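Coordinate analysis (summary)
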Amino acid sequence: MANGRNLTWRIGLVVSFLAFASVAILGRLFQLQVLEHPYYAAEARQTRVHEETVSGRRGAILDENGYPLAVSIDSYDVMVETKAWQDTGKASIAASTIAGITGGNAATMVAGVQATDMYETPVARGLTYDQASKIRDAAPLGARLVEGSQRVYPEGNLASQLIGFLGKDQEGLTGLEADLDSVLGGSKGELVTERDGLGNALFFGQRNETAPQPGSDVVLTIDRYLQRLAEQELANTVKERNAQGGSIVIVDSRTGAVRAMASLPSFDLTNPDISDNSKLNLTRNRAVTDQYEPGSIFKLVTVSAALDSGKVTPTTSWYDPGYYEATDWKIYNWDFSANGWQTVSQAIVKSLNVGAAWMSGQVGPDVFYDYVHRFGFGQKTGIGLSGDAAGQVRTPETDPSWTRVDLATNSFGQGITATPLQLAMMVAAIANNGKLMKPYVVDQVVGPGGTQKTQPQVVRQVISPQTARNVRQMMGVVVSDQLPKGVVDISHYLIGGKTGTANIANGDGTYKPDTYISSFAGILPLDNASLVILVKIDEPRGVPWGTTVAAPAFGRLAKAALDYYNIAPDQ
Amino acid sequence: MSSGPRSQRQTRAAHGLHSPGLPLLLTAALLIVAAAALLPLIQSSGATTTNGHIQQLQREQTDWQARVQEAEAQLAYLSSLNRVQQEATQRLKMKAPDNVTYISVPGPTPQPETLPNRLLPSPTPPHPAGESLWSKLFGWLPLP
């Protein structure tokens, strides 16, 4: 009996132990499977399921005729699993295979992989599809291909500041690439795949893909031929005149479409370097962002205001004693000449500062600044590019320090600032019978959902068609009679233009000595205008006058543009 | 009393006699169960095979897209202004004219030559207005 009781006790102990262990295991299982289920499920999913963000193909940037200026192509990187290349013999064989296809150095690849403690290392980047296919077929040890994207520029550095460039994450950093990033970039998708312990996708495993939306193609108003002409002409003039830089803007005066927009200094679009601020500054689209005192080109605004307000006519006479008195200041002509009795037309044709100041006095500040604003100065143009500067216009209402001297100096483009684009649009308004158009560079957006086309927009009727015609006639005389022979060598066409030579402000109320900005703005053809060209050259050495620096560049561009567009001769 | 159903079964059992349909039924049931068990297997096998095909086709599509993109880029490089100028001046020995002669001819100005919008998608062709399925089905009915 005693033995039986002892046995029962021991069995009871074992059973109790087993029961306790079972309860403990069940409890632990309950904890893992029920209480902590979400955590472990997520952990397991993370190990097994691979999620990656997939980008759609970035849209292309095309010129107005459909020629690509920037397009994206697939590119491939070869990643190597570091552990797989620890055996130098095997690694060398694999590296030789890769190097044979990519043209790299096998020894450098092996050394690079063995030197790192990262899980994976890239040994070749930016491969083409053919190279990637060969590597995929060769299947070198430990290597896998990672698909990416690469932006290529078939026209090289053409319109580099306008187009801008991408960062490594394929997002726009400057120019249109940044301004239209959401349009060009499309929307990102997601790819979920089940992978094995080595990270390879299971052939029959789970695979869910939310397809990315490809970006839209953007068709610009820029014509690559005119853009190239403008860039070449600007580069030649800057070099010839030993200048600091410059800008050229070509606008379709009837619509406001920008056909070319070039600025110097510029940068290498195919290999951008933004390592410091000075290099970053080169990416600025100066035709839109940089404001300067326009000089005599602004006399077109003054005469437009004077004619359109009815204060003068083209034949109204005034007396030029060689100076104009504004309060305690005397305004002189650019050549310090005194011309006696002159007409309003002669004041513009001869570019007389005294005449412009006299006209501003005739119309008064209220009317004058009203026209200045109506021409779009002091406001952003609305072209849709970042950095679109408004320029500075001081008026009696906005600046208590304004005096009558400001009115006089503003009348010939001093003490007032504008961008090259604003000035081109002002001249375009005169060419377009007084209608100021809103400038634009994006003609169409072609996306999966359809095509959106930009419609030309009239900002306002600034001056009457008759006033515009009178001003154009004056501009025609500038080109035909005032410019030296051969400067604008275009026979059979009527061309109009206006020169400008402006001082450069220091920012402290003074001007830089002996440094100027030379410019020329012209209309072609004069009576049936289709194009307006503005040429601005910064700080040319030697003779600074717009007549000798900027006008010849305008002439060559105008001639080429007339030929290119097959515009019929006037005479 | 002994001729009841229970006694008959007992009698057949005693004589070693069984119903001839029972094994057949059991076999058939077994086969049906086996077939039913195979059905999801066949279904899932079909689904995975289709999945495999889809993945393969997607890979092929990606490959072709990459080829098309590269071809487009190559075409763009070949039609770039730099190359056009290079070919014109170096291979074809062309040069800009020294003098341009304008000849006035009566008649309207020719339209500027339009260049091909080579990379723009062509307009979607209109859907062919064929006979609808419903029309075909009920075409024989004397409906207005």
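Computed from a prediction, not measured in an experiment: that's the story for all the values here. (Residues numbered from 1 in each chain as written. Chains lettered and ligands numbered in written order. Predicted model: local features only at pLDDT ≥ 70, side-chain atom pairs only at ≥ 80, totals over all residues.)

Here's the deal with the overall build of chain A
When its secondary structure is counted, chain A shows 19 helices and 21 strands. Here the C-alpha radius of gyration of chain A, 35 Å, is well above what a compact globule of 571 residues would show, namely 25 Å. Put simply, chain A has 571 residues, and 45% of those count as buried. For chain A, long-range pairs separated by at least 24 residues make up 72% of all intrachain contacts whose partners lie at least 6 apart in sequence. (Helix = DSSP H or I, 4+ residues; strand = E, 2+ residues; numbered from the N terminus. Rg over C-alpha atoms; globule rule 2.2 N^0.38 Å. Buried ≥ 20, exposed ≤ 12 C-beta atoms within 10 Å, placed from the backbone. Contact = placed C-beta atoms within 7 Å.)

What about the overall build of chain B?
Assigned secondary structure in chain B consists of 4 helices and 0 strands. For chain B, the N- to C-terminal ordering of α and β elements is α-α-α-α. The buried share of chain B, reckoned over its 144 residues, is 3%.

Some points on unusual backbone geometry
All names here are of chain A. Cis rather than trans, the peptide bond between Leu264 and Pro265 has omega equal to 0°. Assignment of secondary structure puts Pro265 in the loop between β10 (258-264) and α10 (277-281). Cis geometry marks the peptide bond from Leu524 to Pro525, where omega comes out at -25°. Looking at where Pro525 falls in the secondary structure, it is placed in the loop between β20 (511-524) and β21 (531-538). The phi dihedral of Ala139 is positive, around 45°, even though this residue is not glycine. Counting through the fold element by element, Ala139 comes out in the loop between α5 (129-138) and β5 (143-152). A positive phi angle is found at Asn242, which is not glycine, with a value near 55°. Along the polypeptide, Asn242 turns up in the loop between α9 (224-240) and β9 (245-252).

Here we look at the sheet that holds strand β7 (residues 207-210) of chain A
Residues and elements named next belong to chain A. Read from one edge to the other, the open sheet built from 3 strands follows the order β1-β6-β7, with strand pairing classed as antiparallel. The open sheet is flanked by β1 (49-54) and β7, the only strands paired with a single partner. With direction set aside, neighbouring strand axes in the sheet form an average angle of 10°. Pairing of β1 with strand β6 (residues 189-194), which is carried by 6 bridges, proceeds in the antiparallel orientation. The residue bridging Val49 from the neighbouring strand is Glu194, located in β6. (Pairing = 2+ DSSP bridges. Axes fitted to C-alpha atoms, helices over the stretch in contact; angles between N-to-C directions.)

Thoughts on the packing of helix α14 (residues 353-374) of chain A against helix α15 (residues 404-411) of chain A
All names here are of chain A. Where α14 meets α15, the closest approach of the two axes is 9 Å, and the angle between their N-to-C directions is 115°. Judged by the sense of rotation from one axis to the other, the crossing of α14 with α15 is right-handed. Along its contact with α14, which presents Ala356, Ala357, Met359, Ser360, Pro365 and Phe368, the element α15 presents Leu407, Ala408 and Ser411. Taken together, the residues of the contact of α14 with α15 sort by class into 7 nonpolar, 2 polar and no charged. (Left-handed = near helix turned anticlockwise from the far one by under 90°. Nonpolar A, V, L, I, M, F, W, Y, C, P; charged D, E, K, R; others polar.)

Remarks on the environment of A:Phe412
Its place among the elements puts A:Phe412 in the loop between α15 and α16 (420-431). In contact with A:Phe412, not counting residues within four places along its chain, are A:Ser296, A:Phe298, A:Lys299, A:Asn353, A:Ala356 and A:Ala357.

Observations concerning the nonpolar core
Residue and element names in this part refer to chain A. With 130 residues, the main nonpolar core has Val218, Val249, Ala424, Val427, Val532, Leu534 and Phe554 as its most contacted residues. The element that contributes the greatest number of residues to this core is α16, accounting for 10 residues. Shared between two domains, this core takes at least three residues from each, and those domains are domain 1 (52-186 + 212-220) and domain 2 (224-266 + 287-443 + 455-564). Beyond its immediate stretch of four places on either side in the chain, Val249 contacts Val258, Met261, Ala287, Pro420, Leu421, Ala424 and Leu534. Among the nonpolar cores identified, the runner-up in size contains 21 residues, and Ala99, Ala124, Ala132 and Ala143 belong to it. (Core = buried A, V, L, I, M, F, W, Y, C linked by C-beta atoms within 7 Å. Domains from an automatic or database assignment.)

Digging into helix α2 (residues 21-78) of chain B
Residues and elements named next belong to chain B. Between the first and last C-alpha of α2 there are 83 Å, a value that for 58 residues agrees with the 86 Å anticipated at 1.5 Å per step. Of all 58 residues that make up α2, 4 are buried, and the element is exposed over most of its length. Along α2, the residues classified as buried are Ala66, Gln69, Ala73 and Ala76. (Expected span 1.5 Å × (residues − 1).)

Things to note about helix α19 (residues 551-564) of chain A
In an α-helix, one turn spans 3.6 residues; hence positions three or four apart end up facing the same way. Residues and elements named next belong to chain A. Taking 1.5 Å per residue as the helical rise, α19 with its 14 residues ought to reach 20 Å, and the 20 Å between its terminal C-alpha atoms agrees with that figure. Residues of α19 that are buried include every one of Ala551, Pro552, Ala553, Phe554, Gly555, Leu557, Ala558, Ala561 and Leu562, and no others. Buried positions along α19 lie against α9, β19 (496-505), β20, β21 and α18 (546-549). Within two residues after α19, Asn566 carries a phi angle of roughly 55°, on the positive side.

As for the domain arrangement of chain A
Residue and element names in this part refer to chain A. By domain assignment, chain A separates into domain 1 (52-186 + 212-220) and domain 2 (224-266 + 287-443 + 455-564). Taking only C-alpha atoms, the centre of domain 1 and the centre of domain 2 are 47 Å apart. Only α6 (160-163), α7 (175-179) and β8 (217-220) provide two or more residues apiece to the side of domain 1 that touches domain 2.

Side note on the pairing of β20(A)
All names here are of chain A. With 9 bridges connecting them, β19 and β20 associate as antiparallel partners. Residue Thr499 lies in a different strand from β20, and its bridge partner there is Phe520. Counted between consecutive antiparallel strands, the loop separating β19 from β20 contains 5 residues, among which Gly507 sits at a positive phi close to 100°. For β20 and β21, the ladder comprises 8 bridges, and the chain directions are antiparallel. Residue pairing in the sheet places Ala521 in a bridge with Leu534 of β21.

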